[in-house]
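# A closer look at the structure
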Amino acid sequence: MGWRYRAGLMLIAAVVIIWVTSAEVTQGIFVDYKQPFAVTYLGASLMVIYLPIAFIKDCIYNFLKRRSRKGAIDDPCGLGSPLKYIEMELQGSLNRKDSEANLAEHEETNPLVSENGDASRKPEKPVTTKEIATYGFYVAPLWFVTEYLSNAALARTSVASTTVLSSTSGLFTLFIGAFLGQDSLNVAKVVAVFVSMAGVAMTTLGTTWATDETELSNSSNSERTLVGDLFGIMSAMSYGLFTVLLKKFSGEEGERVDVQKLFGYIGLFTLVALWWLIWPLTASGIEPKFTVPHSAKLDEVVIANGFVGSVLSDYFWALSVVWTTPLVATLGMSLTIPIAMVADMLIHGRHYSAVYILGSVQVFVGFVIANISDRFSKKLGCL
């Protein structure tokens, strides 16, 4: 387990906390400003700030690289003193002896061809800025739809319910990843699918109630649950697809693409090309008539939530995907389930039926099974 993988796990933990906090704030915003499209458009568009940051970073890197090359020309052999020359000679001698002594052992433990029959992989060539921009324009609509469906679900149901349904994205990630060659299927993962789907069905059938129910939504409870659950599941599907595509484009350890530039171009495309979606959404009745926030304080909350809940957390999440795996990153998001339930109980005084709680537990258990399925499959021989 390399440092990137460990850092990815730490980022997952940070994103879980940020997402639950942001979801609670977003739902609070919807009490006075029920505009899921406006909140989504602002949050996604703000990611454009990553473009100047990425280009400044590139300028600094290129400047340091030029200085390094200049230093290499001034001292082509890197011999600052006779001691340096002696040190290099001694190191080379030791390396040759170690190489001769351990050649047989190295051949046994590190064959040139892997067990799968694939030759050792060479580092993938990084993509150009133009290719990153093109890919960002392709996936920006998918990312915007994912974010909008999640916010639309929050406007119609509780944070815990939205979290449970959104966490089913791990299952969609698994199947989409297998279809696109990013992951593999086995018996344990299929079992995890049925366990999690049963849990989702139980949370849909289960009941929840809160002391501030009238403030959370103006629609009836049954309508709110049905539409909110539908948006939550649709968000999970698009999220799973985006996660797999991001990993496929980024490379095994994210070495092919600058994630900052990618999300910066996603923000730019959203800002320039997706604003018009408010018209068909309003005409169809999905989105209420557009209005601006009616107070400066609400403006500040919406913008701050956009920066933290979208710009910062989405970048952390993207890094966790490219530094670990799509499935691990998605399954890690299932940790939002218990945290969101506790947050709803403390903030809104929400209560859950036994069926709902048991269903939430099953969703979490299903994700755990899928996460450790490869290990069990190797032990049981279920490949």
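Residues numbered from 1 in each chain as written. Predicted model: local features only at pLDDT ≥ 70, side-chain atom pairs only at ≥ 80, totals over all residues. Heavy atoms only, no water.

Right, let's get into the overall build of the chain. Per the secondary structure count, the chain includes 18 helices and two strands. Sorting the 383 residues of the chain into buried and exposed places 44% on the buried side. Residue pairs at least 24 apart in sequence account for 88% of intrachain contacts in the chain once pairs closer than 6 positions are excluded. Surface summary for the chain: the accessible area is close to 20600 Å², and the carbon and sulfur share equals 67%. (Helix = DSSP H or I, 4+ residues; strand = E, 2+ residues; numbered from the N terminus. Buried < 20%, exposed > 50% of the residue type's maximum accessible area, 1.4 Å probe, protein only. Contact = heavy atoms within 4.5 Å. Areas by Shrake-Rupley, 256 points an atom, 1.4 Å probe, with all protein chains shown as cover.)

In terms of nonpolar packing, the biggest core is built from 38 residues, with Phe242, Leu246, Leu262, Phe263, Ile266 and Trp317 touching the most fellow members. Counting only elements with at least two residues in this core, the list comes to α1 (3-32), α3 (50-74), α6 (129-154), α11 (221-250), α12 (259-273), α14 (296-323) and α15 (326-332). Sorting elements by how many residues they give to this core places α14 first, with eight residues. If near-sequence neighbours (up to four positions away) are discounted, Ile266 is found in contact with Met47, Gly136, Val139, Ala140, Trp143 and Phe242. In terms of nonpolar packing, the next biggest core, distinct from the first, is built from 18 residues, Val39, Leu165, Met341 and Tyr352 among them. (Core = buried A, V, L, I, M, F, W, Y, C linked by side-chain atoms within 4.5 Å.)

Turning our attention to the side chain of Ser238. Tracing the sequence through the fold places Ser238 in helix α11. Residue class for Ser238 comes out buried when judged on its relative accessible area of 9%. For Ser238, the side chain forms a polar contact with the main-chain oxygen of Ser235, separated by 3.1 Å. Other than its neighbours up to four places away in sequence, Ser238 contacts Leu142, Thr146 and Leu149. (Polar contact = N/O pair within 3.5 Å; in protein donor to acceptor, adjacent residues only side chain to side chain.)

Take the environment of Thr134 next. Relative to the elements of secondary structure, Thr134 occurs in helix α6. Here Thr134 falls in the partly exposed class, since its relative accessible area comes to 31%. On a C-alpha basis, the gap between Thr134 and Leu262 in space is 9.2 Å, while along the polypeptide they are 128 residues apart.

This part covers the environment of Ile286. In this fold, Ile286 is placed in the loop between α13 (278-283) and α14. Its relative accessible area of 33% is what places Ile286 among the partly exposed residues. Other than its neighbours up to four places away in sequence, Ile286 contacts Tyr148, Arg156, Phe231 and Leu281.

A cluster of nonpolar side chains, namely Ile49, Ile53, Ile303, Phe307, Val308 and Leu312, defines an oily patch on the protein surface of about 440 Å² accessible area. The element contributing the most residues to the nonpolar patch is α14, with four residues. (Patch = residues over 30% accessible without salt bridge, like charges linked within 9 Å, V, L, I, M, F, W, Y side chains within 5 Å. Salt bridge = Lys/Arg side-chain N within 4 Å of Asp/Glu carboxyl O.)

Let us look at the packing of aromatic side chains. One pass over the full model with this rule turns up 17 aromatic pairs. Between Phe37 and Phe144, the ring centres sit 5.6 Å apart and the planes meet at 70 degrees, which makes this aromatic pair edge-to-face. Of this pair, Phe37 sits in helix α2 (residues 36-45) while Phe144 sits in helix α6; the two residues are 107 residues apart in sequence, bridging distant segments of the chain. On the basis of relative accessible area, Phe37 is assigned to the buried category, the value being 4%. Taking the centre distance of 5.2 Å and the plane angle of 40 degrees together, the rings of Tyr239 and Trp317 count as tilted. (Phe/Tyr/Trp six-rings, centres within 6.5 Å; stacked < 30°, edge-to-face > 60°.)

Per-residue pLDDT for the chain has a mean of 76; in total, 75% of the residues score no lower than 70. Taken together, the stretch residues 96-120 has pLDDT below 50 and engages in three contacts with residues farther than four places along the chain or on a different chain. Residue range residues 214-220 is modelled with pLDDT below 50. Its contacts to residues more than four positions away, or to other chains, number ten contacts. (pLDDT = per-residue confidence, 0-100.)

What follows deals with the side chain of Asn305. Looking at the element boundaries, Asn305 is found in helix α14. By relative accessible area, Asn305 is classed as buried at 10%. Setting aside residues up to four positions removed in sequence, Asn305 forms contacts with Ser22, Val25, Thr26, Ile29 and Ser310.

Turning to α6, a few remarks are in order. Its 26 residues give α6 an end-to-end C-alpha distance of 35 Å, which sits within 8% of 38 Å, the value for a rise of 1.5 Å per residue. A maximum bend of about 40 degrees is found in α6 at Val139, where proline Pro141 lies one to four positions downstream. (Expected span 1.5 Å × (residues − 1). Bend = angle between axes of the 7 residues up to and from the residue.)

Two quantities define a packed helix pair, namely the angle between the helix axes and the distance between the axes. For the pair α12 and α14, interaxial distance at closest approach is 10 Å and the crossing angle is 130 degrees. Comparing their axes, α14 and α12 come out oblique. When you trace α12 past α14, the crossing you get is right-handed. For the pair formed by α12 and α14, the contact residues are Val259, Gln260 and Phe263 on the first element and Asp314, Tyr315, Trp317, Ala318, Leu319 and Val322 on the second. (Axes fitted to C-alpha atoms, helices over the stretch in contact; angles between N-to-C directions. Parallel < 35°, antiparallel > 145°, perpendicular 65-115°, else oblique. Left-handed = near helix turned anticlockwise from the far one by under 90°.)

Residue position: Tyr356 is located in helix α17 (residues 354-371). In this structure the C-alpha to C-alpha distance between Tyr356 and Met202, which are 154 residues apart in sequence, comes to 5.9 Å.

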